[in-house]
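Read off the chains here:
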Amino acid sequence: MKEEQLASEALASARADKLLAQEEVWIRKGVEARRTRSVGARAAAARSLRAAACSSGASRSASVRAGDRRGCAAAARSSPS
């Protein structure tokens with residue numbers, strides 16, 4: 001029981017040390033590395049949102065109102081002739 005607890009604490013400590021070492025590397029690399037990391041985090045968040053939307057079965061639909069803005073083409077025609 002005590003040995004298992006010590007082993008789990010040692011494992012948690014090793015993981016924390018590894019994380020701190022990675023953070024120190026990012027800090028040494030400077031602004032460009034932090035920017036790259038931030039972009040990666042945003043991309044991961046976008047992927048998770050996209051996956052959540054796809055898994056929920058949400059349907060996407062687009063509607064275009066004809067003639068409400070200058071220069072817009074009509075979205076629907078009455079007949080092709």
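Quick caveat: nothing in here was measured; it's all calculated off a predicted structure.

Reading guide: rules and limits
- Residues numbered from 1 in each chain as written.
- Predicted model: local features only at pLDDT ≥ 70, side-chain atom pairs only at ≥ 80, totals over all residues.
- Heavy atoms only, no water.
- Helix = DSSP H or I, 4+ residues; strand = E, 2+ residues; numbered from the N terminus.
- Buried < 20%, exposed > 50% of the residue type's maximum accessible area, 1.4 Å probe, protein only.
- Areas by Shrake-Rupley, 256 points an atom, 1.4 Å probe, with all protein chains shown as cover.
- Expected span 1.5 Å × (residues − 1).
- Axes fitted to C-alpha atoms, helices over the stretch in contact; angles between N-to-C directions.
- Parallel < 35°, antiparallel > 145°, perpendicular 65-115°, else oblique.
- Contact = heavy atoms within 4.5 Å.
- Nonpolar A, V, L, I, M, F, W, Y, C, P; charged D, E, K, R; others polar.

## Examining the overall build of the protein
Scanning the protein from terminus to terminus reveals two helices and zero strands. Per-residue burial over the protein gives 2% buried out of 81 residues. With the model as given, the accessible surface of the protein reaches about 7,700 Å², and the carbon-plus-sulfur share is 55%.

## Some points on helix 1 (residues 2-29)
In this model helix 1 runs 41 Å from its N-terminal to its C-terminal C-alpha over 28 residues, within 8% of the 40 Å that 1.5 Å per residue would give. Where helix 1 ends, the next residue or the one after it, Gly-30, has phi of about 95 degrees, a positive value.

## Overview of the packing of helix 1 against helix 2 (residues 31-55)
When two helices pack together, their arrangement is captured by the angle between the axes and the distance separating the axes. Two elements in contact, helix 1 and helix 2, have axes whose closest approach is 5 Å; the angle formed by their N-to-C orientations is 120 degrees. On the basis of the axis angle, helix 1 is oblique to helix 2. Listed contacts from helix 2 to Glu-23, Trp-26, Ile-27 and Lys-29 of helix 1 are Val-31, Ala-33, Arg-34 and Arg-37. Its residues assigned to classes, the contact of helix 1 with helix 2 shows four nonpolar, no polar and four charged.

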